[in-house]
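# Chains, contacts and geometry: an overview
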Amino acid sequence: MASIVTFGCSHTAGAGLEDVYINNNHTGKVSRYAWPNIIANLSDKSLKNNAVNGASNKQIAYSILDYNFNKDDIIYVMWTFADRTCIIDKTVKLIGPWIDNDTNYAYYKHLHTVYDSMMAMQGYILMTKLYLESKNIKYKFLLYSDTNFIENKWFNVDFVNIYFEEYIKYGLANDDHHLGINAHKEFGQDIWDNTLNF
């Protein structure tokens, strides 16, 4: 049976919303109020929200390549910030500027550049596009914010021209960092209205 299948970071998981932010702590679970639920309810399809708090574009791409899709699934991917990455072994080790440990310090001091991070992001996005198209899987790509990609001849990817960041006007979540329930509701409705024709 076809499902709405989503991938992304905390902005797709619904971090900070009341059902997953308890006693001032993130539970790491996905919220029933997050925008993917809005789309699933409007489409009258089941939802499989695979978003992970703190995920990088590398981890998002890996999760999609490793996922067992049904042939009629509809995929929504919200790509995240370029400056994150991860180490994938038997588990996924997050690397992000908010994480305070020796691995993150070494990465941002000695390895990270803005250009390299953006090129990697574009590579992961293009690889994912080509994979989904090779499997004839319906998909839409979203971005948290309007992103200035590096111009090159090989990056030919379409995105829905609606950015989650702009929905901050509808309020923040309980953690005062992520977007709140009303933002998710409005964004989900707008994404649905603008992606009806796959």
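Notes on the structure follow. Computed from a predicted structure; not experimentally measured. (Residues numbered from 1 in each chain as written. Predicted model: local features only at pLDDT ≥ 70, side-chain atom pairs only at ≥ 80, totals over all residues. Heavy atoms only, no water.)

Moving on, we come to the overall build of the protein. Scanning the protein from N- to C-terminus turns up 6 helices and 8 strands. Each helix and strand of the protein, ordered N terminal to C terminal, gives the series β-α-β-β-α-β-α-β-β-β-α-α-β-α. For 198 residues, the compact-globule estimate of 2.2 N^0.38 gives 16 Å, and the C-alpha radius of gyration of the protein, at 16 Å, lies within 12% of that figure. In terms of overall dimensions, the protein has a C-alpha envelope of 50 × 45 × 35 Å along the principal axes. (Helix = DSSP H or I, 4+ residues; strand = E, 2+ residues; numbered from the N terminus. Rg over C-alpha atoms; globule rule 2.2 N^0.38 Å.)

Attention shifts here to the sheet that holds strand S5 (residues 74-79). With respect to topology, 4 strands assemble into an open sheet ordered S4-S1-S5-S8, the strand pairing being parallel. Here the strands that pair on one side only, and so sit at the sheet edges, are strand S4 (46-49) and strand S8 (138-143). Taking each pair of neighbouring strands and ignoring which way they run, the sheet shows an average axis angle of 20°. Across 4 bridges, strand S1 (residues 3-7) lies against S4 in parallel orientation. Along S4, the bridge assignment pairs valine 5 with lysine 48. Set on the sheet, helix H3 (residues 57-65) makes contact with S1 and S5; between it and S5 the angle comes to about 165°. In this fold helix H5 (residues 114-134) packs onto S5 and S8, with an angle of close to 165° to the strand it touches most, S8. (Pairing = 2+ DSSP bridges. Axes fitted to C-alpha atoms, helices over the stretch in contact; angles between N-to-C directions. Contact = heavy atoms within 4.5 Å.)

A positive phi angle, near 60°, is found at aspartate 44, a position not held by glycine. Secondary-structure assignment places aspartate 44 in the loop between helix H2 (35-43) and S4. With a phi close to 55°, asparagine 136 is a non-glycine residue in the positive phi region. Following the sequence through the fold, asparagine 136 ends up in the loop between H5 and S8. Here asparagine 136 falls in the exposed class, since its relative accessible area comes to 66%. (Buried < 20%, exposed > 50% of the residue type's maximum accessible area, 1.4 Å probe, protein only.)

So, about the pattern of salt bridges. Note that side chains of opposite charge can pair when their charged atoms are close. One pass over the structure, following the stated rule, counts 2 salt bridges. In this structure, arginine 32 engages aspartate 19 in a salt bridge whose closest nitrogen and oxygen atoms are separated by 3.7 Å. Pair noted here: arginine 32 is in the loop between strand S3 (25-26) and H2 and aspartate 19 is in the loop between helix H1 (10-13) and strand S2 (21-22), with a separation of 13 residues, a long-range link. Between lysine 71 and aspartate 72 there is a salt bridge; the shortest N-O distance is 3.9 Å. Take lysine 71: its relative accessible area is 70%, and that puts it in the exposed class. (Salt bridge = Lys/Arg side-chain N within 4 Å of Asp/Glu carboxyl O.)

Considering the arrangement of structural elements, one finds lysine 129 in helix H5. Here lysine 129 occupies a buried position and makes no salt bridge, while the nearest side chain of opposite charge, glutamate 133, is found at 4.3 Å. A distance of 2.5 Å separates a polar side-chain atom of lysine 129 from the backbone oxygen of asparagine 156. (Lys, Arg positive; Asp, Glu negative; His and termini not counted. Polar contact = N/O pair within 3.5 Å; in protein donor to acceptor, adjacent residues only side chain to side chain.)

These figures capture arrangement, not role.
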